Amino acid sequence: MSLGGVGRIAICGYRRILASHLPHVQRITLQFSRQMSTEMQSVASRLQSSGLLRTQGLIGGKWTNAYDGKTLEVNNPATGEIIAEVACMGRKETNDAISSAFDAYKSWSKLTAAERSKRLRKWYDLLMAHQEELGQLITLEQGKPLKEAMGEVGYGASFIEFFAEEAKRVYGDIIPPTLPDRRLFVLKQVIWLLTLLLLNLILSTNLPNQSCQNSMPVGVVGAITPWNFPLAMITRKVGPALACGCTVVIKPSELTPLTALAAAELALQAGIPPGAVNVVMGNAPDIGDALLASPQVRKITFTGSTAVGKKLMAGAAGTVKRVSLELGGNAPCIVFDDADLDVAIKGTLAAKFRNSGQTCVCANRVLVQEGIYDKFADAFSKAVQNLKVGDGFSEGVVQGPLINEAAVNKVETFLQDAVSKGAKVLLGGKRHSLGMTFYEPTIISDVNSEMLLSREEVFGPVAPLLRFKTEEEAIHMANDTNAGLAAYIFTNNVQRTWRVSEALEYGLVGVNEGIISTEVAPFGGIKQSGLGREGSKYGMDEYLEVNQICMLGGHEPKLMGEVNTQTNYQAHDVK
């Protein structure tokens, strides 16, 4: 599809959407629909002018159509309009992208950390220079409010900035040896000049035996990312991978590929070499199978559902790939009697309704102690009632649409299950009058552990309230799940803060705070919420392999018997 056809496709696509969604569209005023169509054309035109509206995949530095010419539609969830048609790729394109990444790895991994750092820093600068356009693109294809989308751009870019610096700070160790004739070193980066100098020093001295540990980049990385954060989930993976010397094949969600393509365009402009960053989108099973089957792909990093994560983990076993998995959550938000009510309301709002409840760390269960339950429910309902719902480009909107009809159906199913088992809807509980996939911010009380709302992620703007009596009961309720990603507690008791934080089986815990993600701290879960950590210095370790080099020094031959005698006392199985 030519970029010049974006406006035409949007209008024609909108008419098709109108025909296929009449029951919903009847609830949208004609004036509202005309405004949305005009706004989208304007935004698409600006994005086209900026050069960021890409519709082809990126393989080996070249923008490429699907080999069979197939395309898929990318829709605006707020209006149903078709934003663009992008290449629908599969196994063949993915294999070529892997080959390009493998070839690029040979040179990219040999650049100094300082050189990689400069290029990543340039990418960060370009992301921030285009923050508004990228934010508009996110709002168009994902639906979140523009202010929130621009916030995601800043958040996503922060990972590139952080790992640009962290590339130069992968330090090693000198380990006290177990024998007097050995020296142990740990190098956590392949810095070739330093390595050669070190080896030259070892070989030129009379130290009989040397042992060296060395880290190298994992290799080609397959990065599979979700639709709810179409930029940040890419940069959080690609940033540390490139910083370590890896190359990547990105598979963005077919629902939100445009942001990934725009970010890749800026990576090219920043001097990231052809093949170091590749983007393929389309047939998810075929792309995933190709990434899993290829022996050239040495790592899979994935953010998404637990069910898909388990399949990827099983598939990676065939070639024994490393995996990093950031999977589903079931986050408890615990409000104790001694909490500051205003702080608890503000924090719970942020933890629950950000991105219309479509984040893996959203508060999925709000556990409230019985002494403050009624007061909290009343104050929380008043606060939620003031949330403005609408298209993300409208002024003052804080909640956009859900991503698609399937997401709305899931919310409705969970609510019907809860109501049928005795829960009461305090606020909302139905589709919004705007139609399409808009849903009213909802609060439901008297929820118990037998309901779907307590057992699984609703991934929507629904806040279930559960009552508890004691601290011990709250901890038990919070941990009674297979998930272990994020948790939140609100209390003014310092001792309780430590007790509960340490008792919760979660990788992330927010205390009197609803927004806890940052590039400088490790992000990840335990139990069935995943493996590994993203962000912070610990995120670098996910993309490095450690190997040991034991080297005989420049000693006299007569020392050999002496060395062998010593070695026999420390015989090791070195399979």
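Quick look at the structure, then. Owing to the predicted nature of the structure, the values given are computational and were not obtained by experimental measurement. (Residues numbered from 1 in each chain as written. Predicted model: local features only at pLDDT ≥ 70, side-chain atom pairs only at ≥ 80, totals over all residues. Heavy atoms only, no water.)

## Quick word on the overall build of the chain
Logical step 1: Per the secondary structure count, the chain includes 20 helices and 21 strands.
Logical step 2: Residues counted as buried form 56% of the 575 residues belonging to the chain.
Logical step 3: Counted over contacts in the chain with a minimum sequence separation of 6, partners at least 24 positions apart contribute 75%.
Logical step 4: For the chain, the accessible area works out to roughly 23,500 Å², and carbon and sulfur atoms hold 55% of it. (Helix = DSSP H or I, 4+ residues; strand = E, 2+ residues; numbered from the N terminus. Buried < 20%, exposed > 50% of the residue type's maximum accessible area, 1.4 Å probe, protein only. Contact = heavy atoms within 4.5 Å. Areas by Shrake-Rupley, 256 points an atom, 1.4 Å probe, with all protein chains shown as cover.)

## Description of the side chain of R116
Logical step 1: Mapped onto the elements of the fold, R116 is located in helix 5 (residues 113–129).
Logical step 2: From its side chain, R116 meets the backbone oxygen of A243 in a polar contact 3.1 Å long. (Polar contact = N/O pair within 3.5 Å; in protein donor to acceptor, adjacent residues only side chain to side chain.)

## Notes on the packing of aromatic side chains
Logical step 1: One pass over the full model with this rule turns up six aromatic pairs.
Logical step 2: Arranged with centres 5.5 Å apart and planes meeting at 80°, the rings of F336 and F468 form a pair that is edge-to-face. Highlighted residues: F336 in the loop between strand 13 (331–335) and helix 13 (341–353) and F468 in strand 17 (residues 462–468), separated in sequence by 132 residues. Neither F336 nor F468 differs from the other in exposure class; each is buried.
Logical step 3: Taking the centre distance of 6.3 Å and the plane angle of 40° together, the rings of F353 and F380 count as tilted. (Phe/Tyr/Trp six-rings, centres within 6.5 Å; stacked < 30°, edge-to-face > 60°.)

## Let's talk about the environment of Q131
Logical step 1: You can see Q131 is positioned in helix 6 (residues 131–142).
Logical step 2: In this structure the C-alpha to C-alpha distance between Q131 and G151, which are 20 residues apart in sequence, comes to 8.8 Å.
Logical step 3: For Q131, the residues in contact, after removing those within four places along its chain, are M150, V153 and G154.

## A closer look at unusual backbone geometry
Logical step 1: One non-glycine residue, D446, adopts positive backbone phi at about 55°.
Logical step 2: Take D446: its relative accessible area is 32%, and that puts it in the partly exposed class.

## Points about the packing of helix 6 against helix 10 (residues 257–269)
Logical step 1: Contact geometry for helix 6 and helix 10: axes closest at 8 Å, N-to-C directions at 160°. Taken together, the axes of helix 6 and helix 10 lie roughly antiparallel to each other. The residues of helix 10 that touch helix 6, namely those facing L134, L137, I138 and E141, are P257, L258, T259, A262 and L266.
Logical step 2: The residue inventory of the contact of helix 6 with helix 10, partitioned by class, reads seven nonpolar, one polar and one charged. (Axes fitted to C-alpha atoms, helices over the stretch in contact; angles between N-to-C directions. Parallel < 35°, antiparallel > 145°, perpendicular 65-115°, else oblique. Nonpolar A, V, L, I, M, F, W, Y, C, P; charged D, E, K, R; others polar.)

## What about the environment of G304?
Logical step 1: Looking at where G304 falls in the secondary structure, it is placed in the loop between strand 11 (297–303) and helix 12 (306–316).
Logical step 2: For G304, a relative accessible area of 25% translates into the label partly exposed.
Logical step 3: Separated by 21 residues in the primary sequence, G304 and L325 have C-alpha atoms spaced 8.1 Å apart.
Logical step 4: Each residue touching G304, except ones within four places of it in the same chain, is listed here: E326, L327 and G328.

## Here's the deal with the sheet that holds strand 15 (residues 424–427)
Logical step 1: Sheet architecture is open: seven strands sit in the order 15-16-17-14-13-18-19, paired in mixed fashion. In the strand order of this sheet, the two ends are held by strand 15 and strand 19 (508–511), each with one partner. Going across the sheet, the axis of each strand differs from the next one's by a mean of 25°, ignoring polarity.
Logical step 2: Here helix 14 (residues 373–385) sits on the sheet and contacts strand 13, strand 14 (363–369), strand 15, strand 16 (442–445) and strand 17; the angle it forms with strand 17, its principal contact strand, is near 170°.
Logical step 3: Across the sheet, helix 15 (residues 405–420) lies against strand 15, strand 16 and strand 17, angled at about 25° from strand 16, the strand it touches most. (Pairing = 2+ DSSP bridges.)

## Some words on the pattern of salt bridges
Logical step 1: In the structure shown here, the tally under the stated rule is 26 salt bridges.
Logical step 2: Here E542 ties to K299 by a salt bridge, and the two come within 3.9 Å at their closest N and O atoms. In this pair, E542 sits in the loop between helix 19 (538–541) and strand 21 (544–552) while K299 sits in strand 11, placing the two residues 243 residues apart along the sequence.
Logical step 3: Looking at E542, the relative accessible area reads 14%, which means it is buried.
Logical step 4: Among the ionic pairs, R431 bridges to E412, the shortest N-O distance being 3.1 Å. In this pair, R431 sits in the loop between strand 15 and strand 16 while E412 sits in helix 15, placing the two residues 19 residues apart along the sequence. (Salt bridge = Lys/Arg side-chain N within 4 Å of Asp/Glu carboxyl O.)

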